[in-house]
Amino acid sequence: VCFGGGGQLGTLVVALIIIHAGCKVVAQGLQSINDIIFSTAVQPAVRRAGEDALRGLLQQELAFHLGSNTGATTRIVDRGLRGVGAVLSRIVLQLMPQALELTLVASLIASSASASLALLTIGTVVVYTCFTVWAVRVRLGHLERMNSADNQAMSRMLEGLLGVETVASYNRQEWEVLRYKNELTKYQASALKSQESLAMLNLGQNIIESTGGALMLMSTSALFLCGSITLGRLIMLNLLLANLLKPLDHLGANYMQLRGGLLDARGLLTLMGRKPALADPPSAPSLVLGGGGVEFRDVHFGYGGLGG
């Protein structure tokens, strides 16, 4: 293309650079606006879930609170609320846009180059996704055991601190520390397994992405050498494929956070769905006390195998 002179060409180049920079600013601004709008929609849902969780816990019978681990319960609620927000954010802001982008890019490649290249592109993404799903499921098993050990460790610490007078009376400080240490040991073992599975996930993703990218680059180069596409279209296709593969780097993290959020939210929903063993019917009258008393007989107390 001839622009008629160096001055016009220089002006065009400067204009294109300014447009490119402006598009990046607009894209970042739209992303920030999207985050703000989404936060205003998600935070009320998270707040409502927290209110319902506390209301359900307060309605449970006394035996539930006496027999449950307060530390573990607070961890379940905390992680569950964060899991609800993570699930909504990953589905709406990450996975759905990536699926739409894949569909648009594959259609454009099929119309601009060849159907075989489009199928190769879709095949690479499908293999990448299947491997990611499998590896994340393996890692989630370790994360679930990590959460369980973390809940128990927090419960041991909280119960020991709340009952510090009883612990000191029976001289059981080291026993409490040993119980806490055992839970931390379980957590450490699961954390190491989780880190190993994460390294395997990253390695497998890099191998699939590099292999697929190389095959797609060879395919586009072959189309150019055969005269099926022009140099400009070759550059366009390579840029499209590069931009398509780039978000795949975050697919594993997004899917892992999505499944992790579902795992945490499941614990919260299970806790919220528990029905009280003793529940007043809606038509129950108010309790009227006309006197009475409380008498204790044969009351005993034991702690860690020591009775009193």
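Residues numbered from 1 in each chain as written. Predicted model: local features only at pLDDT ≥ 70, side-chain atom pairs only at ≥ 80, totals over all residues. Heavy atoms only, no water.

I keep staring at the packing of helix α6 (residues 173–225) against helix α7 (residues 231–245) and nothing clicks. Help me out?
Here α6 crosses α7 at 165°, and the two axes come no closer than 10 Å. Classified by the angle their axes make, α6 and α7 are roughly antiparallel. For the crossing formed where α6 meets α7, the hand is right-handed. Along its contact with α6, which presents Glu209, Gly213, Met216, Leu217, Thr220, Ser221 and Phe224, the element α7 presents Leu231, Leu234, Leu237, Asn238, Leu241 and Leu245. (Axes fitted to C-alpha atoms, helices over the stretch in contact; angles between N-to-C directions. Helix = DSSP H or I, 4+ residues; strand = E, 2+ residues; numbered from the N terminus. Parallel < 35°, antiparallel > 145°, perpendicular 65-115°, else oblique. Left-handed = near helix turned anticlockwise from the far one by under 90°. Contact = heavy atoms within 4.5 Å.)

Please clarify how the pattern of salt bridges should be interpreted in this entry.
Any two side chains of opposite charge can pair if their charged atoms end up close together. If you walk through the whole model with that rule in mind, you get 7 salt bridges. Residue glutamate 176 is joined to arginine 179 by a salt bridge in which the shortest nitrogen-to-oxygen separation is 3.2 Å. Of this pair, glutamate 176 and arginine 179 both sit in helix α6, 3 residues apart, roughly one helical turn. Residue glutamate 176 is classed as buried on the basis of its relative accessible area of 11%. Close ionic contact of glutamate 183 with lysine 186 constitutes a salt bridge, the shortest N to O distance being 3.9 Å. Taken together, the residues span about one helical turn, with glutamate 183 and lysine 186 both in helix α6 at a distance of 3 residues. By relative accessible area, glutamate 183 is classed as buried at 9%. One continuous salt-bridge network, built from bridges that share partners, spans Arg48, Asp52 and Arg55. (Salt bridge = Lys/Arg side-chain N within 4 Å of Asp/Glu carboxyl O. Buried < 20%, exposed > 50% of the residue type's maximum accessible area, 1.4 Å probe, protein only.)

Any chance you could explain the environment of leucine 184 here in plain terms?
Position of leucine 184 relative to the elements: it lies in helix α6. As for leucine 184 and aspartate 150, which are separated by 34 residues in sequence, their C-alpha atoms are 7.3 Å apart.

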